[in-house]
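# Architecture at a glance
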Amino acid sequence: MTTERANFGTKLGIILATAGSAVGLGNVWRFPYMTGQNGGAAFLLIYIACVVILGVPCMLNEFIIGRRAQANTARAYSKLANGTPWRLIGLFGVFTGFMITGYYVVVSGWCLQYIYASVAGHLNGDASYVKSYFDTFAAHPWKPILWMLVFMLMCHFIISKGVEKGIERASKLMMPLLFILLVVIAVASCLLPGAGRGISFLFNPDFSCVDSKTFLGALGQAFYSLSLGMGCLCTYASYFKRDTHLTKSAAQIVAIDTLIAVLAGLMIFPAFFASYPDAADKLADPELAGQYSGPGLVFITLPNVFQQAFSGAPLIGELVALLFYSLLSLAALTSLMSLHEVSTAFFHEELKISRKWGAAIVTVLCALIGVFCSLSYGDTREWLVFGGQSLFGWFDFLTGQIFLPTGGLLTCLFLGWYVPKHIVKEEFTNEGTLRGRFFGIYLFAVRYVCPICILLIFLHQFGVI
Ligand code: PHE
């Protein structure tokens, strides 16, 4: 093992790789359906408030721990925890990352199948055909597994090339591409006749649909979308440079992630409203939620939307579908890389094996989890259904809704109340070279605002409020 620790090479690389982790299925798939279900623009405004108030401080927490410790997430927490139980937060993060990787890669694999399907023209047909296409594919014994493995190997290839030559280089290539694809589809979608209603749904707030659910839904989405709560950004920050401006980077990454979520909204809603005259009702109706939101929105509804929206020019519809699933795959890949890296760095440093072997262990174990998650999807195999929910559903629920906020909450308490203030300040100000104008606000947010908000998400999830 070399003693020299890997690092990102350039400032741009740091921003693009970290934004690559944040921008993923959460932006393109989860954000639009959450917005759709929660009344559009009003949700967007609350989401932005959450991202600024909660997202920036929580991101800074992970940056501070990671860069200070210069180690994988598990060791980073133990270094600062001095043998106290706080060190377990890091280990918990690695464990969470492992679980997310195992099911995230399954959905990523679906994107590859849909790239193939749009090229082969398999997505042409009426609504019920497209739905049965998805259901049949997702329940197939080996097809989704095959695509999942292909995706995992792509990720493995990049990760085993290292931090600078693998993650950084791939992000520098993929992030601009993703941005261009998004803008192209969003423009195509906004130019459709009838698109205006979709745009105003996204930007004209109607606060009559806001309730406590909207507020808490937005908080949860902020967490998921920014990759917070499991040490992903902590691992990346351990590759930051000593002079990386943490506050500025966090603000930039949050801005990019939010911009991409809004662009994803501009890509989906105008086309959706152009295709369905009763679009707003469809989105708001909880009875239709299974079909028009969740995995359904991207894999069942959208192929139809593209077909209808471009019915005058079917080839363009197919091309847009192809671009869309390519974009989704790119977004998923940069996020998966960051998830994979958390465990790779862990095995590499803790077992003192080479990076390549560390990555190989993670790939094999996560692919194994992926096989079971994939088989369990859609509850078609009873032996993989527990308590009425498939293994896939459990992983999604436990990690996204329970483990991430728990990790975020514990990290706030750890940095806000346990780690000596001077250490936090030193890291915040790059050893005193920066003025640290926002330090007071940051500390207040981490000590009080964030823990209380996250606690609210929990109480809501367990039905207490
Ligand atoms: N932020 C990623 C997305 O939006 C998901 C993710 C969550 C990635 C947690 C890493 C850690 O898709």
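The name given to the chain in an unreviewed UniProt entry is Transporter, and the organism recorded there is Prevotella communis. The record in UniProt for the chain states the following under Subcellular location (unreviewed entry): "Membrane". According to the UniProt record, the Sequence similarities (unreviewed entry) comment for the chain is "Belongs to the sodium:neurotransmitter symporter (SNF) (TC 2.A.22) family."

Looking only at helices and strands, the chain has 20 helices and two strands in total. In terms of C-alpha radius of gyration, the chain reaches 21 Å, essentially the compact-globule figure of 23 Å for 465 residues. Within the chain, the fraction of its 465 residues that count as buried is 58%. Long-range contacts, defined as pairs at least 24 residues apart, comprise 82% of the intrachain contacts of the chain with a sequence gap of at least 6. Summed over its atoms, the accessible surface of the chain is roughly 18,000 Å², and 68% of this surface lies on carbon and sulfur atoms. Counting 29 positive and 24 negative side-chain charges, the chain places the averaged centre of each group 12 Å from the other.

Moving on, we get to a nonpolar patch on the surface. Taken together, the side chains of W417, F444, Y448, I452, L456, L459, F462, V464 and I465 define a hydrophobic patch exposed on the protein surface, amounting to about 920 Å² of accessible area. Sorting elements by how many residues they give to the nonpolar patch places helix α20 (residues 439–461) first, with five residues. With relative accessibility at 52%, the residue I452 sits in the exposed group.

Moving on, we get to the packing of helix α8 (residues 163–190) against helix α16 (residues 314–350). Interaxial distance between α8 and α16 falls to 9 Å at its minimum, and their mutual angle equals 150°. Judged by the inter-axis angle, α8 sits roughly antiparallel to α16. Once α8 is placed against α16, the crossing between them reads as left-handed. Of α16, the residues touching α8 (which contributes V163, I167, A170, S171, M174, M175, L177, L178, L181, L182, V184 and I185) are V320, L323, F324, S326, L327, L330, A331, L333, T334, M337 and E341. For the contact of α8 with α16, the residue count by class is 19 nonpolar, three polar and one charged.

Glancing now at a positive patch on the surface. Taken together, the side chains of K161, K165, R169 and K356 present a region of like positive charge at the surface. Looking at the element boundaries, K161 is found in the loop between α7 (143–160) and α8. Among the residues examined, K161 registers a relative accessible area of 48% and is labelled partly exposed.

Scoring rules and cut-offs
- Residues numbered from 1 in each chain as written.
- Predicted model: local features only at pLDDT ≥ 70, side-chain atom pairs only at ≥ 80, totals over all residues.
- Heavy atoms only, no water.
- UniProt positions renumbered as here; feature names shortened; annotations may be inferred.
- Helix = DSSP H or I, 4+ residues; strand = E, 2+ residues; numbered from the N terminus.
- Rg over C-alpha atoms; globule rule 2.2 N^0.38 Å.
- Buried < 20%, exposed > 50% of the residue type's maximum accessible area, 1.4 Å probe, protein only.
- Contact = heavy atoms within 4.5 Å.
- Areas by Shrake-Rupley, 256 points an atom, 1.4 Å probe, with all protein chains shown as cover.
- Lys, Arg positive; Asp, Glu negative; His and termini not counted.
- Charge placed at Lys NZ, Arg CZ, Asp CG, Glu CD.
- Patch = residues over 30% accessible without salt bridge, like charges linked within 9 Å, V, L, I, M, F, W, Y side chains within 5 Å.
- Salt bridge = Lys/Arg side-chain N within 4 Å of Asp/Glu carboxyl O.
- Axes fitted to C-alpha atoms, helices over the stretch in contact; angles between N-to-C directions.
- Parallel < 35°, antiparallel > 145°, perpendicular 65-115°, else oblique.
- Left-handed = near helix turned anticlockwise from the far one by under 90°.
- Nonpolar A, V, L, I, M, F, W, Y, C, P; charged D, E, K, R; others polar.

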